[in-house]
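An overview of the molecular structure
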Amino acid sequence: MDVANLTPKQRRVKQIWGMLALCICGAAVYELPYLSWSYYDAAVEFYRVSNAQMGYLMTMYGLACVISYLPAGWVADKFQARHLIATALVSTGIFGLILTFRPPYVVLMICYVCYGFTTTIPLWSAMMKATRELGDSSEMGRLYGFLEGGRGFVPVLYGAVIIPIFSYLGEGAGGFRAILIYFVILDFVCAFFALGAIRKLRPDEEETQETETKHKHSFAEYLDMMKNKNLWLLTLLMFCCFMIYESYSYITPYLTNFFGVSESLGAMISLIKSYGLAVFGGIAAGFVADKIHSNPKVIGIGFSLMVIGIATFFVVPAEPKLLGIAAVTILIISLGLFMVRALYFAVIDEIKIPLKYTGMAVGFASVIGCLPQIFIYSITGNLLDAFPGIRGYRYMFAYEFAAALIGAVLAFTLYRNIKKENSKNA
């Protein structure tokens, strides 16, 4: 059915199913590469690797992701999003299936590198473009907010199904193989869901459907798009966000080492800050952004919350009696963090990137914006080793504070630029 012929009710139903599919599939495809985050000891036992070797696997995965962001953008602008997302799920599932046979380390490394390609080239930009294609400019905040919130919440449901099985099988190598098989099957099932539910509901403003099929995306046009100064501001504020996000996993050991928090309580706080705030912060930020008609302004507020929260860690002594203040501070930082993560790709609509170039814009911004996922763990780990105790964490908070402050300045600058441009065109 042609998009123009859809009734408002039909459009809303298709929009809901499309967003549901993006959340479910966008979460499922990343479970296999990141299993070591939740089942680290079992993964090391099953793969028969050392801690260092496990670290190398994730490093190679991150490197493969970063070098894949740019081609991911080109691919997203050439092919339909639902086909690409289904391809990502099936190909990732195939490499997960190979791992169930406990292959040698060389094969493990190849599979993790391929994970980086399969979860990025056919998926990353396609997922972001598909989200933009689900609505018009007035809905971008809430759509991207729901994507972030949904992708944060759905893994909890996946875990609720598999964790009891993992526990029943002894929480070791046998249980980990069951987890691998579970997520392999899930990826294959989600591929069919993606094909059936994800649809383009927004026609290109710049050209008709007929001319779109004949249009050739030239390199010169991509270069022209990259001259957009606001796209560069978006890219740099993404970099600042990832500087904080990728190092934020060290908050849990900070609590256990200095505030007397037990491992279980630390895990609970981590769950709340990682999933609870992703759902609330992402969705709430999206609705607020649409209400005030500005995604960069809400992003700036999110960075400002992080500035306040991180600064608090320099003032509040790391003592068990002040755990309550530390916990509230963490929630404030998490709220700001997920407000930013939910909305940065929604900005693409405000900076007037043509719909047909959405994939390339996402890929370009991600190449630079996501770079911290390669080096931040090494930097933070070396800081904590070189400066034992609270001093190492102070240095970590220092670069997080700087990133949050710079991010706030970039976001409000972007907001001012867009406001000026809109005034000129009014």
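These numbers were taken from a predicted model, which means no experiment stands behind them.

**Considering the overall build of the protein chain**
- Scanning the protein chain from N- to C-terminus turns up 20 helices and 0 strands.
- In terms of overall dimensions, the protein chain is globule-like: its C-alpha atoms have a radius of gyration of 21 Å, near the 22 Å expected for 426 residues.
- Each principal axis of the C-alpha distribution contributes one length, and for the protein chain these read about 60 × 50 × 40 Å.
- A burial count over the protein chain gives 54% of its 426 residues as buried.
- Within the protein chain, contacts between residues separated by at least 24 positions form 86% of all contacts whose residues are at least 6 apart in sequence.
- Here the protein chain has roughly 18400 Å² of accessible surface; of this, 68% comes from carbon and sulfur atoms.
- The averaged location of the 28 negative side-chain charges in the protein chain is 4 Å from the averaged location of its 33 positive side-chain charges.

**Remarks on the nonpolar core**
- Among the nonpolar cores identified, the biggest contains 140 residues, and Tyr47, Phe303 and Tyr344 are the most heavily contacted of them.
- Looking at this core element by element, the count peaks at 12 residues for helix α9 (residues 173-197).
- Discounting chain neighbours no more than four positions away, the residues touching Tyr344 are Leu234, Leu237, Met238, Cys241, Phe242 and Ile299.

**A few points about the confidence of the model for the protein chain**
- Put simply, the protein chain has an average pLDDT of 86, and 93% of its residues get 70 or more.
- Averaged pLDDT values for the elements of the protein chain fall to 45 in helix α10 (residues 209-214) and rise to 96 in helix α5 (residues 81-99).
- Low pLDDT, under 50, characterises residues 207-215; the predicted model gives this stretch 8 contacts beyond four residues in sequence or across chains.

**Section: a nonpolar patch on the surface**
- Among the surface-exposed residues, Val13, Trp17 and Leu20 lie close enough to one another that they form a single nonpolar patch of about 280 Å² accessible area.
- Summarising the element assignment, Val13 is placed in helix α1 (residues 8-31).
- Classification of Val13 by relative accessible area gives partly exposed; the value is 40%.

**Let's talk about the state of the cysteines**
- Counted under the stated rule, the structure contains 0 disulfides.
- The closest cysteine sulfur to the non-disulfide-bonded Cys25 is located on Cys190, 4.5 Å from its own sulfur.
- The thiol of Cys65 is not disulfide-bonded; the next cysteine sulfur, from Cys370, is found 8.8 Å away.

**Describing the side chain of Asn230**
- Within the fold, Asn230 resides in helix α12 (residues 229-247).
- Relative accessible area serves as the criterion here: at 1%, Asn230 is assigned to the buried category.
- Not counting residues within four places of it along the chain, the set of residues in contact with Asn230 comprises Ile351, Leu414, Asn417, Ile418 and Glu421.

**Description of the pattern of salt bridges**
- Summed over all chains, the structure comprises 8 salt bridges.
- For Asp349, the salt bridge goes to Arg132, with nearest N and O atoms at 2.8 Å. Of this pair, Asp349 sits in helix α17 (residues 347-350) while Arg132 sits in helix α7 (residues 124-132), placing them 217 residues apart in sequence. The burial state of Asp349 is the same as that of Arg132; both residues are buried.
- Its salt-bridge partner being Arg142, residue Asp290 comes within 2.7 Å of it at the nearest N-O pair. Taken together, the residues span a long stretch of sequence, with Asp290 in helix α14 (residues 263-292) and Arg142 in helix α8 (residues 140-168) at a distance of 148 residues.
- Looking at Asp290, the relative accessible area reads 9%, which means it is buried.
- Residue classification places Arg142 among the partly exposed positions, given a relative accessible area of 27%.

**Considering the packing of aromatic side chains**
- Counted by the stated rule, this structure contains 27 aromatic pairs.
- With a centroid separation of 5.5 Å and an interplanar angle of 80 degrees, the aromatic rings of Tyr254 and Phe313 are classed as edge-to-face. Of the two residues, Tyr254 sits in helix α13 (residues 251-258) while Phe313 sits in helix α15 (residues 295-315), which places them 59 residues apart along the sequence. The pair Tyr254 / Phe313 is uniform in exposure class, with both members buried.

**Points about unusual backbone geometry**
- One non-glycine residue, Arg48, lies in the positive phi region at around 55 degrees.
- In this fold, Arg48 is placed in the loop between α3 (40-47) and α4 (51-76).
- Given a relative accessible area of 55%, Arg48 falls into the exposed group.
- Look at Lys352: it is not a glycine, yet its phi comes out positive at around 65 degrees.
- Within the fold, Lys352 resides in the loop between α17 and α18 (358-369).

**Some remarks on α18**
- Its 12 residues place the ends of α18 16 Å apart at the C-alpha level, agreeing with the 16 Å of an ideal helix rising 1.5 Å per residue.
- With 10 of its 12 residues buried, α18 lies for the most part within the structure.
- Looking at α18, one finds that the buried residues are Thr358, Gly359, Met360, Ala361, Val362, Gly363, Phe364, Ala365, Ser366 and Gly369.

**Structural notes on a positive patch on the surface**
- On the surface, Lys229, Arg416, Lys420 and Lys424 cluster together to form a positively charged patch.
- For Lys229, the position within the fold is in helix α12.
- With a relative accessible area of 53%, Lys229 lands in the exposed category.

**Here's the deal with empty space enclosed by the protein**
- If you walk through the whole model with that rule in mind, you get 1 cavity of 30 Å³ or more.
- Within this model, the largest cavity holds a volume of roughly 70 Å³.
- In terms of lining, the largest cavity is formed by Trp124, Met128, Tyr144, Leu147, Glu148, Arg151, Arg341, Ala342, Tyr344 and Phe345.
- The set of elements that each furnish at least two residues to the lining of the largest cavity consists of α7, α8 and α16 (323-343).
- In terms of residues, the lining of the largest cavity owes the most to one element, α8, which gives 4 residues.
- Class assignment for the residues of the lining of the largest cavity results in 7 nonpolar, no polar and 3 charged.

Basis of the calculations
- Sequence order as written defines the numbering, with residues in each chain counted from 1.
- Thresholds applied to this predicted model are a pLDDT of at least 70 for local features of residues and 80 or more for the giving and counting of side-chain atom pairs; totals over whole chains, interfaces and linings are not thresholded and use all residues.
- For side-chain calculations, the full set of non-hydrogen atoms in the structure is used, while hydrogens and water are omitted.
- Think of it this way: any DSSP run of H or I at least four residues long counts as a helix, any run of E at least two long counts as a strand, and we number them from the N terminus.
- The globule rule used here is 2.2 Å times the number of residues to the 0.38 power, and the radius of gyration it is set against is calculated over C-alpha atoms.
- Note on exposure labels: buried denotes an accessible area under 20% of the residue type's maximum, exposed denotes more than 50%, and partly exposed covers the range between, all computed with a 1.4 Å probe on protein chains only.
- We call two residues in contact whenever any of their non-hydrogen atoms come within 4.5 Å of each other.
- Exposure was quantified through the Shrake-Rupley algorithm and a 1.4 Å probe, taking into account, for residues, occlusion by the shown protein chains and nothing else.
- Positive residues here are Lys and Arg, negative ones are Asp and Glu, while His and the chain termini are left out of the count.
- Positions of charges follow a simple convention, taking NZ of Lys, CZ of Arg, CG of Asp or CD of Glu.
- Think of a nonpolar core as a cluster: buried Ala, Val, Leu, Ile, Met, Phe, Trp, Tyr and Cys residues, connected wherever their side-chain atoms sit within 4.5 Å.
- You can read pLDDT as the predictor saying how much it trusts each residue, on a scale of 0 to 100.
- For patches, a residue must show more than 30% relative accessible area and have no salt bridge; joins then use 9 Å for like charges and 5 Å for nonpolar side chains, namely Val, Leu, Ile, Met, Phe, Trp and Tyr.
- By salt bridge we mean one thing: a side-chain nitrogen of Lys or Arg within 4 Å of a carboxyl oxygen of Asp or Glu.
- For this text, the term disulfide refers to a pair of cysteine sulfurs within 2.5 Å.
- Only centres within 6.5 Å qualify two rings of Phe, Tyr or Trp (six-membered ring in Trp) as a pair; their planes then separate them into stacked at under 30 degrees, edge-to-face at over 60, and tilted for everything else.
- By this rule the span expected of a helix is its residue count minus one, scaled by 1.5 Å.
- The rule is simple: put a 1 Å grid over the protein atoms alone, call a set of points where a 1.4 Å probe fits but cannot get out a cavity, call an open set with protein on both sides within 12 Å along at least five of seven lines a pocket, and count a residue as lining if it has an atom within 4 Å of a point.
- Grid points are joined across faces, edges and corners, and a volume is the space filled by probe spheres set on the points.
- Residues were grouped as follows: Ala, Val, Leu, Ile, Met, Phe, Trp, Tyr, Cys and Pro as nonpolar; Asp, Glu, Lys and Arg as charged; and all remaining residues, including Gly, as polar.

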